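Each chain, written out:
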Amino acid sequence: MNSDCIFCKIANKEIPSNFIYEDENVVAFNDLNPQAPVHFLVIPKNHYSSLNEIKDSKVFGDIFSTIPKITEKMGIKEYRTVVNTGASAGQTVFHIHVHVMAGREFTWPAG
Ligand code: 5GP
Ligand code: ZN
């Protein structure tokens, strides 16, 4: 828990949010500023500021194995997953999160 971290506050329910998924290790919730008709974030409950702090494959296993559970319930089979690492890559919240976006066409390469 990092007391300055907005996503720690969300994960700890200090900020009320409508979780679309929660288990012992991760939570998922809709992005405040969606970039697609479906845009949610999956985060570990423990604080890691970015991918550079992840030394343990379990953290990403927990996050990524959650995504198809959520998308299947939503009836979504095609989606974009994004992890921004560092400010120049577009990271603005320094608690690791995976973006899941769907409901429109996505171009490649990402901007
Ligand atoms: P990043 O730019 O770090 O990859 O993504 C951070 C994301 O978090 C952005 O898409 C932004 O809209 C979202 N975000 C920032 N603050 C909040 C918040 O308080 N609540 C929610 N639900 N999303 C947030
Ligand atoms: Zn945090």
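Residues numbered from 1 in each chain as written. Chains lettered and ligands numbered in written order. Predicted model: local features only at pLDDT ≥ 70, side-chain atom pairs only at ≥ 80, totals over all residues. Heavy atoms only, no water.

S.K.: Explanation requested: the layout of surface pockets in the structure shown.
M.R.: Gaps left between atoms show up when a probe the size of a water molecule is rolled over them. The volume enclosed by the largest pocket comes to roughly 790 Å³. Together, 33 residues line the largest pocket, and Asp31, Gln35, His39, Leu41 and His99 are the ones closest to its centre. Sorting the residues of the lining of the largest pocket by element identifies α1 (6–11), β2 (26–30), β3 (38–44), β4 (80–82) and β5 (98–102) as the ones contributing at least two each. The element best represented in the lining of the largest pocket is α1, accounting for 3 residues. Tallied by class, the residues present in the lining of the largest pocket amount to 16 nonpolar, 14 polar and 3 charged. (1 Å grid on protein atoms, 1.4 Å probe; cavity = no way out; pocket = protein on both sides within 12 Å on 5 of 7 lines; lining within 4 Å. Points joined across faces, edges and corners; volume = space filled by probe spheres on them. Helix = DSSP H or I, 4+ residues; strand = E, 2+ residues; numbered from the N terminus. Nonpolar A, V, L, I, M, F, W, Y, C, P; charged D, E, K, R; others polar.)

S.K.: What should I look at first to understand the packing of aromatic side chains in this one?
M.R.: This structure, assessed with the given rule, holds 2 aromatic pairs. On the basis of an interplanar angle of 80° and a centroid distance of 5.4 Å, the ring pair of Phe7 and Phe29 is categorised as edge-to-face. In this pair, Phe7 is assigned in helix α1 and Phe29 in strand β2, connecting sequence segments 22 residues apart. (Phe/Tyr/Trp six-rings, centres within 6.5 Å; stacked < 30°, edge-to-face > 60°.)

S.K.: How should the site of ligand 1 be read in this particular structure?
M.R.: Taken together, 16 residues form the shell around ligand 1, and within it Asp31, Asn84, Gly90, Thr92 and His99 come nearest. Residue Asp31 places a side-chain N or O atom 2.5 Å away from an oxygen atom belonging to ligand 1. A distance of 2.7 Å is found between an oxygen atom of ligand 1 and a side-chain nitrogen or oxygen belonging to His99. Here ligand 1 has 520 Å² of accessible area as a free molecule, and 81% of this is covered by the chains. At 3 residues, α1 tops the list of elements feeding residues into the shell around ligand 1. For the shell around ligand 1, a count of residues per class yields 7 nonpolar, 8 polar and 1 charged. (Near = heavy atom within 4 Å. Polar contact = N/O pair within 3.5 Å; in protein donor to acceptor, adjacent residues only side chain to side chain. Areas by Shrake-Rupley, 256 points an atom, 1.4 Å probe, with all protein chains shown as cover.)

S.K.: Quick question: what am I supposed to make of the coordination of the zinc ion (ligand 2) here?
M.R.: The reference angle at a metal is 109.5 degrees if four donors form a tetrahedron and 90 or 180 degrees if six donors form an octahedron. Bound to the zinc ion (ligand 2) are the protein donor atoms Cys5 (SG), Cys8 (SG), His47 (ND1) and His95 (ND1), situated 2.0 to 2.3 Å from the metal. Between the 4 donor atoms coordinating the zinc ion (ligand 2), the angles at the centre fall across 105 to 116°, so the site counts as tetrahedral. Linear spacing of the donor residues for the zinc ion (ligand 2) on their chain is C-x2-C-x38-H-x47-H. Of this pair, His47 sits in the loop between β3 and α2 (57–74) while His95 sits in the loop between β4 and β5, placing them 48 residues apart in sequence. For His95, a relative accessible area of 0% gives the class buried. (Donors = N, O, S within 2.8 Å, 3.2 Å for Na, K, Ca; no water. Tetrahedral: all angles 85-135°; square planar, octahedral: opposite > 155°, others 65-115°. Buried < 20%, exposed > 50% of the residue type's maximum accessible area, 1.4 Å probe, protein only.)

S.K.: Looking at this structure, how should I read the pattern of salt bridges?
M.R.: If the charged atoms of two oppositely charged side chains come close together, the side chains can form a pair. Summed over the entire model, instances satisfying the criterion amount to 3 salt bridges. Residue Glu22 pairs with Lys45 through a salt bridge whose shortest N-O separation is 2.9 Å. Taken together, the residues span a long stretch of sequence, with Glu22 in strand β1 (residues 19–22) and Lys45 in the loop between β3 and α2 at a distance of 23 residues. For Glu22, a relative accessible area of 35% puts it in the partly exposed group. Taking relative accessible area as the criterion, Lys45 reaches 24% and is therefore assigned partly exposed. Between Lys58 and Asp62 there is a salt bridge, and its shortest N-O distance comes to 2.7 Å. (Salt bridge = Lys/Arg side-chain N within 4 Å of Asp/Glu carboxyl O.)

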